[in-house]
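Residue strings, one per chain:
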Amino acid sequence: MEILKAENLRAYYLLDIGGELKSVRAVDGVDITIKENEIYGIAGESGCGKSTLIKTLYGMVEPPLNVIEGRVYYKINGELKDIFSLNGELGKIRWKYISYIPQGSMSVLNPVARIIDSFWDFIGSHEDISDRVRWKKHIEDYLTLLGLPTKILDAYPHQLSGGMRQRVTIALATVLTPKIIVADEPSTALDVVAQRAVIQLLKDIQKNLKNTIILVTHDMGVHASISDRIAIMYAGKIVEEAPTEVIFESPKHPYTKYLIGALPKIGDKSYKISAPGAPPSLLNPPKGCRFHPRCSYATEECREFVPRLVDIDTNHRVACFLYSKERE
Ligand SMILES: Nc1ncnc2c1ncn2[C@@H]1O[C@H](COP(=O)(O)OP(=O)(O)OP(=O)(O)O)[C@@H](O)[C@H]1O
């Protein structure tokens, strides 16, 4: 069953460049439906709009970012609610209904406060914490459920490793047991052991809370080990979406093929071909399919028209004229 839905979402950074209004088309016509109890991965090169997309899905739209078109809906008490018309209500449901783990989030911990005080500050800004005994038990039970030692509550952030700080931050952001967790590169900048612990923690949270995680990372290895479905983003658009094993075993979009083909495999020493050229500027993206300047299959049609993201199989959507002639 769906829990979050975006329809024709366009979110642009509107910038005044030398007195001229320009737009960075970071999210440009995204349609997605995210289901209850799944880990939905969003992948793509740096700058393709992943962070902007999840910020917009979270409703964190502040200038210069503007929603130009489209809707985002959350399913709350069985009803789809348009989040941009919730106004003050959105602030109330944040963290209890949906939580956001931003990039570099471990730096949100107050360096001069013990971890428990960060929990009191965070919970106290959303809930009545006058019954401290009950809330302390909730915090300790939650850490134990996630396999984190409760003694970290007495530590200062600098006494913890980077990996543990990141796990504590994730526990903090999810302690009010939200239905949806939006996580932006939660394991990036950690060594592989710490990265594995963070991924395991996210899996444990999802298993225990039976919630939905929307996970942004450019690291396809992380997606392989945690995501149930993956959306591949290119230059502000989703170009392919499918269950993880389909993306890895049978990618269809030429860009996804490059992404998967460039991954290292044990024992395979063959030369890996990456996509030629560089991603386009989102201030002035190319006409037609945005991938066409880098695509070896590009035709006149690709240079003129934008392919629509369409179903080519059950649970498999692709935006490429090789598979469907539908245009946006
Ligand atoms: N505050 C801002 N003002 C103007 N442009 C911005 C701003 N933030 C991001 N952008 C631009 O929007 C586009 C999408 O950026 P975004 O951070 O969403 O991409 P990303 O895929 O998450 O990349 P990364 O993995 O590097 O964070 C980029 O062209 C970026 O330069």
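Residues numbered from 1 in each chain as written. Predicted model: local features only at pLDDT ≥ 70, side-chain atom pairs only at ≥ 80, totals over all residues. Heavy atoms only, no water.

**With respect to the packing of helix 3 (residues 115–124) against helix 4 (residues 132–145)**
Filter applied, for reference: Here an axis means a line fitted to C-alpha atoms, over the contact stretch when the element is a helix, while the angle between two N-to-C directions is reported on a 0 to 180 degree scale. Secondary structure elements follow DSSP: runs of H or I no shorter than four residues count as helices, runs of E no shorter than two count as strands, and numbering proceeds from the N terminus. Geometric relationships in this document are graded by angle, where less than 35 degrees denotes roughly parallel, more than 145 denotes roughly antiparallel, 65 to 115 denotes roughly perpendicular, and other angles denote oblique. The crossing is said to be left-handed when, going from far helix to near helix, the turn is anticlockwise and less than a right angle, and right-handed when the turn is clockwise. Two residues form a contact once any of their heavy atoms are found within 4.5 Å.
The geometry of helix 3 relative to helix 4 is characterised by a closest axis approach of 12 Å and an angle of 115 degrees between their N-to-C directions. Classified by the interaxial angle, the pair formed by helix 3 and helix 4 is roughly perpendicular. The element helix 3 and its partner helix 4 pack so that their crossing is right-handed. Residues Ile116, Phe119, Trp120 and Ile123 of helix 3 form the contact with helix 4, whose own contacting residues are Arg132, Trp135, Lys136, Ile139 and Leu143.

**Some details on the side chain of arginine 290**
Note on placement: arginine 290 falls in the loop between helix 9 (254–261) and helix 10 (300–304). Once residues lying within four places of it in the same chain are set aside, the contact partners of arginine 290 are Arg25, Asp28, Tyr234, Ala235, Gly236, Lys237, Pro280, Leu282 and Pro285.

**Brief notes about the sheet that holds strand 11 (residues 310–313)**
Stated formally: DSSP-based pairing: two strands are paired if at least 2 bridges between them are found.
An order of 6-7-8-3-9-10-12-11 is seen for the eight strands of this open sheet, with the pairing classed as mixed. Since the sheet does not close on itself, it has two edges, and those belong to strand 6 (98–101) and strand 11, each with one partner. Averaged over neighbouring strand pairs, the angle between their axes works out to 20 degrees when direction is ignored. One ladder, built from five bridges, connects strand 7 (residues 180–184) with strand 8 (residues 212–216); its direction is parallel.

**Here we look at the nonpolar core**
Worth spelling out the cut-off: As used here, the term nonpolar core means buried Ala, Val, Leu, Ile, Met, Phe, Trp, Tyr and Cys residues forming a set that is joined through side-chain atoms within 4.5 Å. Note on classification: 1.4 Å probe, protein chains only; a residue is buried when its accessible area is under 20% of the maximum for its type, exposed when over 50%, partly exposed between these limits.
Of all hydrophobic cores here, the largest spans 102 residues; its most connected members are Leu57, Tyr74, Phe119 and Ile214. Apart from the residues lying within four places of it in its own chain, the contact partners of leucine 57 are Leu4, Ala6, Leu9, Ile32, Val72, Tyr74, Ile83, Ile98 and Ile214.

Take it as geometry only, folks, not as evidence of what the structure does.
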